[in-house]
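Below, each chain spelled out in residue letters.
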Amino acid sequence: MKKTFIILFSFIILLGGVKNQKSEYNQEKIIIKKKEDKSYHTKPINIIFMLPLFFSSTEINQENKKLSDHAFSFYLGSKTAIDFVLLLKKKQKINIQIFDTKNERKRITNFIHSYDLSKIHAIIGPFFRSSLEEVARNNKRIPIISPFISSDHLDFYPNIIQAEAKDIYLIEPILKEIKIIHQKEKIKKLYLLGEDPSKKITNFIKNKLLQWNLHFQIYYLKNNFSNIINNTPFFAVFLGGNSLLGKEFIEFIKRFPINKIIPFGIGYNNIYYKNISLLKEYKFLFTSRYHFNKNDENKKKMFFFMKKKLGDNLNKYQLLGFDLSYDILYRLIENNNLFKIINKKSFSGLVSKYEYHKISDEEGYINRGLWIIRLR
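Residues numbered from 1 in each chain as written. Predicted model: local features only at pLDDT ≥ 70, side-chain atom pairs only at ≥ 80, totals over all residues. Heavy atoms only, no water.

(A) Looking closely at the overall build of the protein chain. Helix and strand counts for the protein chain come out as twelve helices and 15 strands. For the protein chain, the residues scored as buried account for 55% of the 376 residues in total. For the protein chain, contacts bridging at least 24 residues in sequence account for 68% of all contacts bridging at least 6. Element-wise, carbon and sulfur atoms account for 49% of the exposed surface of the protein chain, whose accessible area totals about 19,000 Å². (Helix = DSSP H or I, 4+ residues; strand = E, 2+ residues; numbered from the N terminus. Buried < 20%, exposed > 50% of the residue type's maximum accessible area, 1.4 Å probe, protein only. Contact = heavy atoms within 4.5 Å. Areas by Shrake-Rupley, 256 points an atom, 1.4 Å probe, with all protein chains shown as cover.)

(B) Summary view of the sheet that holds strand S9 (residues 261-266). Reading across from one edge, S7-S6-S8-S9-S10-S15 is the order of the six strands in this open sheet, with mixed pairing throughout. With one partner strand each, in any of the chains shown, strand S7 (217-221) and strand S15 (371-374) form the two edges of the open sheet. Between one strand and the next, the sheet's axes are offset by a mean angle of 15 degrees, whatever the strand orientation. Here S9 pairs with strand S10 (residues 285-288) via three bridges, running parallel. Note on S10: the bridge partner recorded for Gly265 is Phe286. Against the sheet, helix H6 (residues 167-185) makes contact with strand S6 (189-193), strand S8 (234-238), S9, S10 and S15, and its axis sits at roughly 165 degrees relative to S9, the strand it touches most. (Pairing = 2+ DSSP bridges. Axes fitted to C-alpha atoms, helices over the stretch in contact; angles between N-to-C directions.)

(C) Focus on the pairing of strand S2 (residues 94-100). Of all seven residues that make up S2, seven are buried, and the element is covered over most of its length. Neither face of S2 is left uncovered, since the one carrying Ile94, Ile96, Ile98 and Asp100 and the one carrying Asn95, Gln97 and Phe99 both have all their residues buried. Bridge analysis of strand S1 (residues 45-51) against S2 gives seven bridges, and the strand direction is parallel. What sits directly across from Ile48, in S2, is Gln97.

(D) Just the packing of helix H3 (residues 62-88) against helix H11 (residues 297-310), in detail. As a packed pair, H3 and H11 sit with axes 10 Å apart at the nearest point and diverge in direction by 120 degrees. It follows that H3 is oblique to H11 by the angle criterion. Of the two possible hands of crossing, H3 and H11 adopt the one that is right-handed. Contacts from Leu76, Gly77, Thr80, Asp83, Phe84 and Leu87 of H3 reach H11 at Lys301, Met302, Phe305, Met306, Lys309 and Leu310. Among the residues making up the contact of H3 with H11, the classes are represented as seven nonpolar, two polar and three charged. (Parallel < 35°, antiparallel > 145°, perpendicular 65-115°, else oblique. Left-handed = near helix turned anticlockwise from the far one by under 90°. Nonpolar A, V, L, I, M, F, W, Y, C, P; charged D, E, K, R; others polar.)

(E) Seen up close, unusual backbone geometry. Gly125 connects to Pro126 through a cis peptide bond whose omega is -5 degrees. With respect to the helices and strands, Pro126 occurs in the loop between strand S3 (122-124) and helix H5 (129-138). The phi dihedral of Asn103 falls on the positive side, at around 55 degrees, and the residue is not glycine. Tracing the sequence through the fold places Asn103 in the loop between S2 and helix H4 (105-114). A residue is classified by how much of its surface remains accessible, and Asn103, at 34% relative accessible area, is partly exposed.

By themselves, these are just geometric observations and shouldn't be taken as functional.
And the structure:
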């Protein structure tokens, strides 16, 4: 059996061969040591990143190339978060190890059975559900953070921390708003517009309203919103989707006066910001996993630090890598046992919110942090 190995060298060596990052990162080092430096008075933090980087692969297909780019962007964001934390906490020692999963489950299995994880405080990754489950089954005491996958299947593992808020949490604040308005104005029609392939959000909405004993006429349309004709006041919830559906939703709103339609949106869609003046008239409210508050001074400092390190064209994976790593690091600085602190406080990063809840005594943790934005 081919022996699985881990990359244990410093970031400077790892990044040295990567184009467009070499000159900048050659100016700094984070030294990885197993022994504690006596000049530090704080406990060292030991984290493993398990990412599909494909760095030593001679041949790589287009799908894996895209995956590698996303993983490397995530890593660069995480590296920048580490630099930012060390700037603020100069005596803190952070030991980072990177395992290139190459998106191979057998490779991951070999690694977790052969490597000593006894001093590791957290594992960030892998990216995919089956790999996350494999790591969780074999390392029940180590917190495993799932960066992007939130799944009911992962709920059953007590050591998995799901960082991506589920879609159902995005709809809950909107339903509470609908409940309040309904009690005042007795509006009973609700249109759900856009993409919901599994009908999971639609079914959740129906069940929640029944639970509250609110009886609505509920209509679901994936597209062709222009076919809706209604002379009585109604709610309309846009379920997200591509920019074309977003444009159709905006045109749909325009067809009705303010006293006839109360619109909401789930998830970020750039179309909202292109029509702010219009949506303000309707006091449009939407929920999102990601939002950047330009008026927050702390966020401005983080943002300019990232731009200085990575350039002006920051992407989603860099931003999420920064936010997630910054959050986990600060929790671990406060307490090396992540399980004892993960659900004690919330955290707002550059674009993400983290508010972890324990699902049950036997299950893991889920992030319920989200942004509620009303255009006024």
